[in-house]
Number of protein chains: 2
Amino acid sequence: MSQSMQNNVYALILAGGAGTRFWPASRAALPKQLLPLVGTSPLITQTAERVLPLVGWERLLVATGKHLVEQTASLLTELLAGNMLVEPAPRNTAPCIGWAAFRVARTDPDGVLIVLPSDHHVQDVEGFGAVLAEAVRSASSGMITTIGIHPTHPETGYGYIEVVDDVTGIEAMAALRFVEKPDRERAEAFVDGGRHLWNAGMFIFRARDMVAAIRAHMPALAAGLDEIDRAAAAGDEDAAVERIFPTLPSISIDHGVMDHIDSFAVVPGDFGWSDVGSFQTAWELAEKDMAANAAPHGSVFIDAKRNLVMDLRKKAPDRRVIALVGVDDLVVVETDDALLVVPRARAQDVKEVVAVLKARGDGKLV
Amino acid sequence: MSQSMQNNVYALILAGGAGTRFWPASRAALPKQLLPLVGTSPLITQTAERVLPLVGWERLLVATGKHLVEQTASLLTELLAGNMLVEPAPRNTAPCIGWAAFRVARTDPDGVLIVLPSDHHVQDVEGFGAVLAEAVRSASSGMITTIGIHPTHPETGYGYIEVVDDVTGIEAMAALRFVEKPDRERAEAFVDGGRHLWNAGMFIFRARDMVAAIRAHMPALAAGLDEIDRAAAAGDEDAAVERIFPTLPSISIDHGVMDHIDSFAVVPGDFGWSDVGSFQTAWELAEKDMAANAAPHGSVFIDAKRNLVMDLRKKAPDRRVIALVGVDDLVVVETDDALLVVPRARAQDVKEVVAVLKARGDGKLV
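Not measured: the values here are computed from a predicted model.

### Quick notes on the overall build of chain A
Turning to step 1, where the next piece is worked out: Counting its secondary structure elements, chain A contains eleven helices and 16 strands.
Turning to step 2, where the next piece is worked out: Taken against the 2.2 N^0.38 rule, which gives 21 Å for 366 residues, the C-alpha radius of gyration of chain A at 21 Å falls within 12% of a compact globule.
Turning to step 3, where the next piece is worked out: The dimensions of chain A, computed from C-alpha atoms along their principal axes, are 60 × 50 × 40 Å.
Turning to step 4, where the next piece is worked out: When each of the 366 residues of chain A is scored for burial, the buried share is 47%.

### Concerning the sheet that holds strand 13 (residues 308-311) of chain A
Backbone hydrogen bonds hold the strands of a sheet together, and the pairing may be parallel or antiparallel.
Turning to step 1, where the next piece is worked out: Pairing in this open sheet of five strands is mixed, and the strands run 13(A)-15(A)-16(A)-14(B)-12(B) from one edge to the other. Looking at strand neighbours, the two that pair on one side only are strand 13 of chain A together with strand 12 (300-302) of chain B, the edges of this open sheet. Taking each pair of neighbouring strands and ignoring which way they run, the sheet shows an average axis angle of 5°.
Turning to step 2, where the next piece is worked out: Across five bridges, strand 15 (residues 330-334) of chain A lies against strand 16 (residues 338-343) of chain A in antiparallel orientation. Its bridge partner being in strand 16 of chain A, Val 332 of chain A is matched across the sheet by Val 341 of chain A.
Turning to step 3, where the next piece is worked out: Sheet strands touched by helix 11 (residues 350-359) of chain A: strand 16 of chain A together with strand 12 and strand 14 (321-325) of chain B. Its angle to strand 12 of chain B, the strand with the most contacts, is close to 135°.

### Quick word on the confidence of the model for chain A
Turning to step 1, where the next piece is worked out: Of the residues in chain A, 98% reach a pLDDT of 70 or more, and the chain-wide mean stands at 93.
Turning to step 2, where the next piece is worked out: In the predicted assembly, ipTM is 0.84 and pTM is 0.85.

### Regarding the sheet that holds strand 15 (residues 330-334) of chain B
Turning to step 1, where the next piece is worked out: A sheet is described by the order of its strands in space; here five strands give the open sequence 12(A)-14(A)-16(B)-15(B)-13(B), paired in mixed fashion. The outermost strands of the open sheet, each flanked by one partner alone, are strand 12 (300-302) of chain A together with strand 13 (308-311) of chain B. Here the average twist between neighbouring strands, direction ignored, is 5°.
Turning to step 2, where the next piece is worked out: The pairing of strand 14 (residues 321-325) of chain A with strand 16 (residues 338-343) of chain B spans four bridges and is parallel. Looking across to strand 16 of chain B, one finds that Leu 324 of chain A is bridged to Val 341 of chain B.
Turning to step 3, where the next piece is worked out: Sitting on the sheet, helix 11 (residues 350-359) of chain B touches strand 12 and strand 14 of chain A together with strand 16 of chain B, and the angle it makes with strand 12 of chain A is about 135°.

### Remarks on the interface of chain A and chain B
Turning to step 1, where the next piece is worked out: Contact residues are listed per partner, giving 34 residues for chain A and 34 residues for chain B.
Turning to step 2, where the next piece is worked out: When residues of the side of chain A that touches chain B are assigned to their parent elements, the largest contribution, six residues, is made by strand 16 of chain A.
Turning to step 3, where the next piece is worked out: Across the side of chain A that touches chain B, the residue classes tally to 22 nonpolar, one polar and eleven charged.

### Quick notes on the nonpolar core
Turning to step 1, where the next piece is worked out: If you look at the biggest cluster of nonpolar residues, it comprises 248 residues, and the most contacted ones within it are Ile 114 of chain A together with Ile 114 of chain B.
Turning to step 2, where the next piece is worked out: Other than its neighbours up to four places away in sequence, Ile 114 of chain B contacts Val 9, Tyr 10, Ala 11, Val 51, Leu 132, Val 136 and Ile 204 of chain B.

### A word on the relation of the copies chain A and chain B
Turning to step 1, where the next piece is worked out: For the pair chain A and chain B, the superposition axis carries a translation of 0.1 Å, the fit reaches an RMSD of 0.0 Å, and the rotation angle comes to 180°. Expressed as an axis order, the relation between the two copies is that of a two-fold axis.
Turning to step 2, where the next piece is worked out: With an isologous cut-off of 70% or more, the 100% of interface residues of chain A that recur at the interface of chain B puts this contact in the isologous class.

### Some details on unusual backbone geometry
Turning to step 1, where the next piece is worked out: The omega torsion across Trp 23 of chain A and Pro 24 of chain A is 5°, close enough to zero to call that bond cis.
Turning to step 2, where the next piece is worked out: Considering the arrangement of structural elements, one finds Pro 24 of chain A in the loop between strand 1 (9-14) and helix 1 (43-55).
Turning to step 3, where the next piece is worked out: We note that Ala 292 of chain A has phi near 65°; this positive angle belongs to a residue other than glycine.
Turning to step 4, where the next piece is worked out: Tracing the backbone through its elements, the reader meets Ala 292 of chain A in the loop between helix 10 (279-285) and strand 12.
Turning to step 5, where the next piece is worked out: Of note in this structure, Asp 303 of chain B is not a glycine but carries a positive phi near 50°.
Turning to step 6, where the next piece is worked out: With respect to the secondary-structure elements, Asp 303 of chain B resides in the loop between strand 12 and strand 13.

### Brief notes about the domain arrangement of chain A
Residues and elements named next belong to chain A.
Turning to step 1, where the next piece is worked out: When cut into domains, chain A gives domain 1 (9-274) and domain 2 (279-365).
Turning to step 2, where the next piece is worked out: Taking only C-alpha atoms into account, the centre of domain 1 sits 30 Å from that of domain 2.
Turning to step 3, where the next piece is worked out: At the interface, ten residues of domain 1 touch 15 residues of domain 2.
Turning to step 4, where the next piece is worked out: Here the side of domain 1 that touches domain 2 is built from residues that sort into seven nonpolar, three polar and no charged.

### Description of the environment of Ala 18 of chain B
Residue and element names in this part refer to chain B.
Turning to step 1, where the next piece is worked out: Structurally, Ala 18 can be placed in the loop between strand 1 (9-14) and helix 1 (43-55).
Turning to step 2, where the next piece is worked out: Each C-alpha atom of the pair Ala 18 and Pro 31 lies 4.6 Å from the other, and the pair is 13 residues apart in sequence.
Turning to step 3, where the next piece is worked out: Non-local contacts of Ala 18, meaning those with residues more than four positions away in its chain, are made with Ala 28 and Pro 31.

### As for the packing of helix 7 (residues 219-233) of chain A against helix 8 (residues 237-244) of chain A
All names here are of chain A.
Turning to step 1, where the next piece is worked out: With their axes 7 Å apart at the nearest point, helix 7 and helix 8 run at an angle of 160° to one another. Compared by their axis directions, helix 7 and helix 8 come out roughly antiparallel. For helix 7 against helix 8, the interelement crossing comes out right-handed. From helix 7, Gly 224, Glu 227, Ile 228, Ala 231 and Ala 232 reach across to helix 8, where they touch Glu 237, Ala 239, Ala 240, Val 241 and Ile 244.
Turning to step 2, where the next piece is worked out: Residue classes in the contact of helix 7 with helix 8 are distributed as seven nonpolar, one polar and two charged.

### Looking at helix 4 (residues 125-140) of chain A
All names here are of chain A.
Turning to step 1, where the next piece is worked out: In this model, helix 4 (16 residues) spans 22 Å end to end at C-alpha, consistent with the 22 Å of a helix rising 1.5 Å per residue.
Turning to step 2, where the next piece is worked out: For helix 4, the set of buried residues is Phe 128, Val 131, Leu 132, Glu 134, Ala 135, Val 136, Ser 138 and Ala 139.
Turning to step 3, where the next piece is worked out: Following helix 4 by one or two positions, Gly 142 adopts a phi angle in the positive range, close to 100°.

### A few points about the pairing of strand 10 (residues 264-269) of chain A
All names here are of chain A.
Turning to step 1, where the next piece is worked out: Among the six residues that make up strand 10, six are buried, leaving the element largely enclosed by the rest of the structure.
Turning to step 2, where the next piece is worked out: The side-chain alternation of strand 10 yields two buried faces, one formed by Phe 264, Val 266 and Pro 268 and the other by Ala 265, Val 267 and Gly 269.
Turning to step 3, where the next piece is worked out: Where strand 6 (residues 145-149) and strand 10 come together, five bridges link them in parallel fashion. The residue bridging Thr 145 from the neighbouring strand is Ala 265, located in strand 10.

### What to know about the environment of Asp 275 of chain B
All names here are of chain B.
Turning to step 1, where the next piece is worked out: When you line up the elements, Asp 275 lands in the loop between strand 11 (273-274) and helix 10 (279-285).
Turning to step 2, where the next piece is worked out: For Asp 275, a count of 19 C-beta atoms within 10 Å puts it in the partly exposed group.
Turning to step 3, where the next piece is worked out: Along the backbone, Asp 275 and Ala 139 are 136 residues apart, and their C-alpha atoms lie at a distance of 24 Å.

### A look at helix 3 (residues 93-107) of chain B
Turning to step 1, where the next piece is worked out: For helix 3 of chain B, with 15 residues, the first-to-last C-alpha span of 22 Å sits near the 21 Å given by 1.5 Å per residue.
Turning to step 2, where the next piece is worked out: For helix 3 of chain B, the buried fraction is high: 13 of the 15 residues fall into the buried class.

### Digging into the packing of helix 3 (residues 93-107) of chain A against helix 6 (residues 207-217) of chain A
Residues and elements named next belong to chain A.
Turning to step 1, where the next piece is worked out: Where helix 3 meets helix 6, the closest approach of the two axes is 8 Å, and the angle between their N-to-C directions is 125°. What the angle tells us is that helix 3 and helix 6 run oblique. For the element pair helix 3 and helix 6, the recorded crossing hand is left-handed. In contact with Gly 98, Ala 101, Phe 102, Val 104 and Ala 105 of helix 3, helix 6 contributes Ala 207, Arg 208, Met 210, Val 211 and Ile 214.
Turning to step 2, where the next piece is worked out: Of the residues contributing to the contact of helix 3 with helix 6, the split by class is eight nonpolar, one polar and one charged.

About the thresholds
Residues numbered from 1 in each chain as written. Chains lettered and ligands numbered in written order. Predicted model: local features only at pLDDT ≥ 70, side-chain atom pairs only at ≥ 80, totals over all residues. Helix = DSSP H or I, 4+ residues; strand = E, 2+ residues; numbered from the N terminus. Rg over C-alpha atoms; globule rule 2.2 N^0.38 Å. Buried ≥ 20, exposed ≤ 12 C-beta atoms within 10 Å, placed from the backbone. Pairing = 2+ DSSP bridges. Axes fitted to C-alpha atoms, helices over the stretch in contact; angles between N-to-C directions. Contact = placed C-beta atoms within 7 Å. pLDDT = per-residue confidence, 0-100. Nonpolar A, V, L, I, M, F, W, Y, C, P; charged D, E, K, R; others polar. Core = buried A, V, L, I, M, F, W, Y, C linked by C-beta atoms within 7 Å. Least-squares fit on C-alpha atoms with pLDDT ≥ 70 in both. Domains from an automatic or database assignment. Parallel < 35°, antiparallel > 145°, perpendicular 65-115°, else oblique. Left-handed = near helix turned anticlockwise from the far one by under 90°. Expected span 1.5 Å × (residues − 1).

Shown next, in the form of structure tokens:
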């Protein structure tokens, strides 16, 4: 299980997402993967750095939306222009994963493609590399493979992957099915049962296997991707994508493919994974001072504990000091055009702010 | 009791103060009178507007420190250059009030000078005008006169003026003495007794009367002011002030003069006065929405009550929205180089932030 580069391994980073759970940090035009929500570099940069030792820039693909191309490219400055898969319209994950699979299959059908979300956090990068290597090995044998995270608590915010046997070790094992986000009771049963893993949204497969699965279960998608593929072979991919991509079925790879194939594998992982789904999680993962405050260097805390402070201003005219006095468990986030103060436990309510701003026509703030 | 202009009435606004109680809004280089702590214009502008109907720009003097000249002048654009009394060094109130009194006495010894702090708030401007007119009438008769505010509660943060008889009406009456800030018990006795008024720090007198009082009780100050006066008559006031002012005794007019004169008068006032001594007071005086939040237009409050939000940024690159969700009774203040979050009830603790910043060498932030 080495992490060294293999010239038939490719990676696709899914970087089209948007979201308002991190408003005002995140925006429609500035989704979470472009932000340094954990650590000092943007999540997408960290994602690329995790997989680059395996694939190199030559074989690193990034799928994103038109409106995010510029910002994404500015963060991944060495990304090859041709390796940016620009989706003219959001069609969920099946079309863009299919696009990448068809593209790799054209020249390297046995090539293994690693598909990774761009906006997750991994604490143990080395452990992640080992899991990925095992997943590549599994995929090389012809099995579409996923990664499942050992659940540490009955999380209701994640989907799960049910496996056939009890989970032991980190070797690839047979998966039974994907399970939607459960309610609390079922989540507890999953954790107790030892046969459910968190679905981390990662897929590893030989290009030919995914192409075959799409042909078998999503013929309409296959037809569209064939057309793009023919245009690409003729040197005219962009125009074809522009024309065809928006007509492809909008569906996740989970529902479009994984739910229908006869069998797939999962590599159980335990590398400090998080989808960084909330300010709460961002605070948990952040570096904190002795009073458990996470804040920019130079912030002043007087009798203030467990606060999360984020300064995401870019046009800042001056260095700025942030001082919190006598407040606990707050989230304070500032950007160039917004300032948010909310208790960490209520951070999900920022969606109401977004709703107010939309309603009053402040669309550019959301 | 008219508010119309009289050509022998002058005003002196004391605008040399500094303070850190409103950090980060206020700074050594940006004291509270220069800030719009209540309403939309700076307190000094509001102070000038209250007295200008009585004196006009011709007879409006402003005393301030060297480091504040530029900012003060930028707020009072019509102030005559010669009417700015620039103190080369802070010497408390007796020297600069004396300077103004000697200056007026040189050409108009019977002229009446109204001395006003620059950083107070007055709710009932008309009522204030009536009290001022009565004070001018009293001063014209040769009595150094002050204004005393009917106490509405046993405030321990103010000095008091004890009067001889029970207070009734708003006519000038004989004052007995100034009383330093009392403890709670004495303050309660003052309010119950009906013979104590809040000392609002305002003085009204004929120039010749104050000159005589200074000659009688502060001969060293009188000697220095005589020297400045002679230089001024010879057209060389600036150099003399530069040389002499820093050598004058540093003492308040209360202790230097008022404690020693045989008698003085007080006009009892009831015009919604406040010294705007804290964020708490600023919030009380501010215009508030239905949930008692005081904030810039466009702010968003979701389940948030009784908060005070101040945006005092000047170099703001963009319009900015401030959103508070699920928090009550907070003070949130932002300037170009600082952001403060503190419960209103703990706002006095910002002095600890100032201490931290000083200790670590961030002097320009305080």
